[in-house]
Amino acid sequence: MMPILVVARSACWQPIRRCITVLALVASCVSNAEASPFTPSRGDEVLERVPIRTSPEQRELERARAAVAASPGNLQASIRLAKRYLETWRNDGDPRYLGYAQAALAPWWSRKDPPAEARVLRATLSQSTHRFSEALADLDAVLAQDARNAQAWLTKATVLQVLGDYPQASASCRRLVGLAPNLVVITCLSAVRSLNGQAEAGYRQLDGALKTAGSEIDPSIRTWSLTLLAEMAARRGDDAAARRHFEKAISLGKPDNYLLAAYSDFLLDAKEAEKVVSLLATRTQVDVLLLRYAIALRALASADAPRYTALLAERLEAVRMRGDAIHGREQARFALDLHHDPIAALEYARQNWKVQKEPADARLLLEAAVAANDGAAARPVIDWIRQAGLEDRTLAPLIAKLEGSVK
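Source: prediction; values computed, not measured.

1. With respect to the overall build of the protein chain
Across its full length, the protein chain holds 22 helices and 2 strands. Split into buried and exposed, the 407 residues of the protein chain put 55% on the buried side. Across the protein chain, the fraction of contacts at a sequence separation of at least 24, relative to all contacts at a separation of at least 6, is 60%. As displayed, the protein chain has an accessible area near 17,500 Å², and 52% of this comes from carbon and sulfur atoms.

So, in structure tokens, the structure goes:
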């Protein structure tokens, strides 16, 4: 998915780097009070990686917290702290930081008409926890007052793309012209085009924009664009280009969870599980990455596979018991690829499809339907794929199997 970029009202853009729904991509490492306690099997087993308090990121957080403590109710100090928490969540995958960000906005959180900056951040947090209607309501209210709020337009485009509303997502992207750097505008537009019957045109457009982008472009924006370009290439079946773009994005430094998950999926499709294990060995505190790590271990018949599968099962159960709705995709993929329960996987995938409609969600539901031999369950997704014009080389064989099964 498209990241959400926090836009200053000047020409300076500071990205929050994939504070997204994906959803799909919210990681949960928090244990649940009702879940059974986890007992490590070895004395040297890592239970949790705690941020180093002397790291630059943690020092920035401390300074931001101190500023809020010194001036409670100061909007700008609270906005800076909330953004810093969102950035930490993006890097660490710890959902507690989403709660911290909400707490930083507490004086304005429940207000019917909070200041625009607080309202856009509230929409960002709503989006991150799949409260899409609330996010859109806040964004529309902001844009009704200020039609030049680039952050709000880009956030709205992101939400609409997740919901599969490509015409309105494209319209929101176009409103960024003159408000955002050209690469941001082109990335937004081409990402939608690539999902809406113009895969080759969207890819060529973004590839050209990246080649001509100036060196002043923030590395995180370039990473976002490269990641989307790699996903476009993979959907078109150009594996060589996809690998090149993924590796370029990784080389820019500090790859975020979205990039690592997308690259891992590409490598798993390429039957390169050993590379996934190497890539994610130190990032298993993030659930979406632990899922891919466990799948890679299973593919390699590793002796560690059962242990990491059990760990992921405990985390997902804790999420389920909390009533969170943000891990539907992960629940479905766990049931399908690790628990080998296609009926459960199909139900999770169907519930997830009601919430978000990205290519990964479509593929997962089709794979679960094939495994469950239930072509009828996949019909709404197949119809949607054709109506949207989604081009993805992994979907056609699945659709052929499913349509053959109901004849």
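2. Some remarks on the packing of aromatic side chains
Counted under the stated rule, the structure contains 9 aromatic pairs. Between Tyr85 and Tyr97, the ring centres sit 6.0 Å apart and the planes meet at 35°, which makes this aromatic pair tilted. One end of the pair, Tyr85, is in helix α3 (residues 75-92); the other, Tyr97, is in helix α4 (residues 96-104), with 12 residues separating them in the sequence. You can call Tyr85 buried: its relative accessible area is 7%. In this structure an aromatic cluster arises from ring pairing among Tyr85, Tyr97 and Tyr100. Over the face of the ring belonging to Tyr203 we find Arg236, whose NZ or CZ atom lies 4.8 Å from the ring centre.

3. So, helix α10 (residues 182-195)
Helical periodicity: at 3.6 residues per turn, an α-helix aligns residues three or four positions apart in one direction. The end-to-end C-alpha distance of α10, which contains 14 residues, comes to 20 Å, matching closely the 20 Å that a straight helix rising 1.5 Å per residue would cover. With 12 of 14 residues buried, α10 is to be regarded as a mostly interior element. All buried positions along α10 are accounted for by Leu183, Val184, Val185, Ile186, Thr187, Cys188, Leu189, Ser190, Ala191, Val192, Ser194 and Leu195. A positive phi of about 85° marks Gly197, the residue just after α10.

4. Description of the pattern of salt bridges
Pairing between side chains of opposite charge can happen when the charged atoms of each approach one another. Counted under the stated rule, the structure contains 24 salt bridges. The shortest N-O distance in the salt bridge between Arg363 and Asp269 comes to 2.8 Å. In this pair, Arg363 sits in helix α20 (residues 359-372) while Asp269 sits in helix α14 (residues 257-269), placing the two residues 94 residues apart along the sequence. A cluster of three or more residues bridged by salt bridges with shared partners is formed by Asp113, Arg119, Arg122 and Asp138.

5. So, the packing of helix α9 (residues 166-174) against α10
Interhelical geometry of α9 versus α10 gives an angle of 165° and a closest axis separation of 9 Å. Considering the angle they form, α9 stands roughly antiparallel to α10. Of the two elements, α9 crosses α10, and the hand of that crossing is left-handed. Along its contact with α9, which presents Tyr166, Ala169, Ser170, Cys173 and Arg174, the element α10 presents Val185, Cys188, Leu189, Val192 and Leu195. Broken down by class, the residue content of the contact of α9 with α10 amounts to 8 nonpolar, 1 polar and 1 charged.

6. Quick look at the confidence of the model for the protein chain
Scored by pLDDT, the protein chain has a mean of 86; 85% of the residues are at 70 or more. Note on residues 6-38: pLDDT is under 50 here. Beyond four places in sequence and across chains, it has 132 contacts.

7. Quick word on the nonpolar core
Ranked by size, the top nonpolar core spans 104 residues in total, and within it Leu176, Leu206, Leu366 and Ile385 carry the most contacts. If sequence neighbours within four positions are ignored, Leu176 has contacts with Ala150, Trp153, Leu154, Val185 and Cys188. Counting 20 residues, the second largest nonpolar core, distinct from the first, contains Leu86, Ala104, Ala118 and Leu121.

8. So, unusual backbone geometry
With a phi close to 50°, Lys254 is a non-glycine residue in the positive phi region. Mapped onto the fold, Lys254 is located in the loop between α13 (239-251) and α14. For His340, which is not glycine, the phi torsion reads 55° and is therefore positive. As for its placement among the helices and strands, His340 is situated in the loop between α18 (328-338) and α19 (342-355). Residue His340 is classed as exposed on the basis of its relative accessible area, which comes to 54%.

9. What about the packing of α13 against α14?
The interhelical angle for the contact between α13 and α14, taken along N-to-C directions, is 150°, at an axis separation of 11 Å. Regarding the angle of α13 to α14, the classification is roughly antiparallel. In this structure, α13 crosses over α14, and the sense of that crossing is left-handed. Across the interface between the two elements, Asp239, Ala242, Arg243, Phe246, Glu247, Ala249 and Ile250 of α13 pack against Leu259, Leu260, Ala262, Tyr263, Phe266 and Leu267 of α14. Its residues placed into classes, the contact of α13 with α14 shows 10 nonpolar, no polar and 3 charged.

10. Let's talk about the side chain of His245
By the element assignment, His245 lies in helix α13. Among the residues examined, His245 registers a relative accessible area of 6% and is labelled buried. Residues contacting His245, with those up to four places away along its chain left out, are Tyr203, Asp207, Leu226, Leu229, Ala230 and Ala233.

11. Details of helix α12 (residues 219-236)
Spanning 18 residues, α12 covers 26 Å between terminal C-alpha atoms, matching the ideal 26 Å at 1.5 Å per step. Taking burial as the measure, the 18 residues of α12 include 16 buried ones, the bulk of the element. Gly237 sits one or two positions beyond α12 and adopts a positive phi of about 90°.

Here is what the cut-offs are and how they apply
Residues numbered from 1 in each chain as written. Predicted model: local features only at pLDDT ≥ 70, side-chain atom pairs only at ≥ 80, totals over all residues. Heavy atoms only, no water. Helix = DSSP H or I, 4+ residues; strand = E, 2+ residues; numbered from the N terminus. Buried < 20%, exposed > 50% of the residue type's maximum accessible area, 1.4 Å probe, protein only. Contact = heavy atoms within 4.5 Å. Areas by Shrake-Rupley, 256 points an atom, 1.4 Å probe, with all protein chains shown as cover. Phe/Tyr/Trp six-rings, centres within 6.5 Å; stacked < 30°, edge-to-face > 60°. Lys NZ or Arg CZ within 6 Å of the ring centre and 35° of its normal. Expected span 1.5 Å × (residues − 1). Salt bridge = Lys/Arg side-chain N within 4 Å of Asp/Glu carboxyl O. Axes fitted to C-alpha atoms, helices over the stretch in contact; angles between N-to-C directions. Parallel < 35°, antiparallel > 145°, perpendicular 65-115°, else oblique. Left-handed = near helix turned anticlockwise from the far one by under 90°. Nonpolar A, V, L, I, M, F, W, Y, C, P; charged D, E, K, R; others polar. pLDDT = per-residue confidence, 0-100. Core = buried A, V, L, I, M, F, W, Y, C linked by side-chain atoms within 4.5 Å.

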